[in-house]
Amino acid sequence: IYNKKIMSIQPVSQKMKNLRRYAAIHMPFEAVLVALGTMTTWYGGTFPILPLVGSSVLVCCGNCCCTSKGGKGAAVTYLTMNCVAFLGSIWDYFALSHVKAHCDDIGDWVEVDEYCNYVDAAAAFAIICFIMRIIGIIMASCSACGLLPEKELETITEAPVAVTI
């Protein structure tokens, strides 16, 4: 008796779909932080690039690659990039606070005042992205590590095939 093993793609869970939607919402905030971080400090735009890469892998490549095991490879990529950026966002916020302290000391020069407005906006986006990274880490952890598993109906993708000789 010869049994043919059938490879099937596992269905994507609702948690994974929600994570993809969240990553699509998260991406524009990180893109703005890349621009503001680069304008205010020369290194401020480096850490927000990581969640952008993780989000793009999750959102854009979720249907074509990294789909084994229900897309957990894409979720792990998103999780890893957000964890590193989470640590980097602490550094970015302290650097922006240091620059903001200098802006408060300088005075009302027109050129400096415009620059300080960008620093204020970058600090606000740094806090927003910090919170969004925490949420993304929690959602990706639940999706990738199997925490809080949801009960899904078992789906049959193909009828079992048995070949007898």
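Up top you'll find the structure we're talking about.
Bear in mind that the values here come from a model prediction, so they are computed numbers and not experimental data.

### Concerning a nonpolar patch on the surface
The grouping of L87, I90, Y93, F94, I127, I131 and I135 at the surface amounts to a nonpolar patch, some 650 Å² of accessible area in total. Going through the elements one at a time, helix 3 (72-106) and helix 4 (110-144) are the ones with two or more residues in the nonpolar patch. Note on placement: L87 falls in helix 3.

### A look at the pattern of salt bridges
If you walk through the whole model with that rule in mind, you get two salt bridges. R133 is the salt-bridge partner of E30, the closest N and O atoms lying 2.7 Å from each other. Of this pair, E30 sits in helix 1 (residues 14-40) while R133 is found in helix 4, placing the two residues 103 residues apart along the sequence. For the pair E30 and R133, one class covers both residues: buried. Between D120 and K100 there is a salt bridge whose closest N-O contact spans 3.1 Å. Remark: K100 occurs in helix 3 and D120 occurs in helix 4; sequence separation between them is 20 residues. For D120, a relative accessible area of 34% gives the class partly exposed.

### Digging into the state of the cysteines
Counted under the stated rule, the structure contains one disulfide. In this model C103 forms its disulfide with C116; the gap between the sulfur atoms is 2.1 Å. Residues C103 and C116 are joined by a disulfide whose S-S torsion is about -95°; by sign, that bridge is left-handed. Here C116 lies in helix 4 and C103 lies in helix 3, a separation of 13 residues in the sequence.

### Some points on the packing of aromatic side chains
Within the structure shown, the criterion is met by four aromatic pairs. Taking the centre distance of 6.2 Å and the plane angle of 40° together, the rings of F29 and F125 count as tilted. Here F29, found in helix 1, pairs with F125, found in helix 4; they are 96 residues apart in sequence, far enough to count as distant. Judged by its relative accessible area of 28%, F29 is partly exposed. In this structure F125 comes out as partly exposed when scored by relative accessible area, which is 21%. Centroid distance F86 to F130: 5.0 Å. Interplanar angle 20°. Geometry classified as stacked. Residue F86 is located in helix 3, and its partner F130 is located in helix 4; the two are separated by 44 residues in the primary sequence.

### A short note on the side chain of S55
Along the polypeptide, S55 turns up in helix 2 (residues 49-60). With residues up to four places along the chain from it excluded, the contact list for S55 reads A23, H26, M27, C60 and Y78.

Quick notes on the rules
- Residues numbered from 1 in each chain as written.
- Predicted model: local features only at pLDDT ≥ 70, side-chain atom pairs only at ≥ 80, totals over all residues.
- Heavy atoms only, no water.
- Patch = residues over 30% accessible without salt bridge, like charges linked within 9 Å, V, L, I, M, F, W, Y side chains within 5 Å.
- Areas by Shrake-Rupley, 256 points an atom, 1.4 Å probe, with all protein chains shown as cover.
- Salt bridge = Lys/Arg side-chain N within 4 Å of Asp/Glu carboxyl O.
- Helix = DSSP H or I, 4+ residues; strand = E, 2+ residues; numbered from the N terminus.
- Buried < 20%, exposed > 50% of the residue type's maximum accessible area, 1.4 Å probe, protein only.
- Disulfide = S-S within 2.5 Å.
- Phe/Tyr/Trp six-rings, centres within 6.5 Å; stacked < 30°, edge-to-face > 60°.
- Contact = heavy atoms within 4.5 Å.

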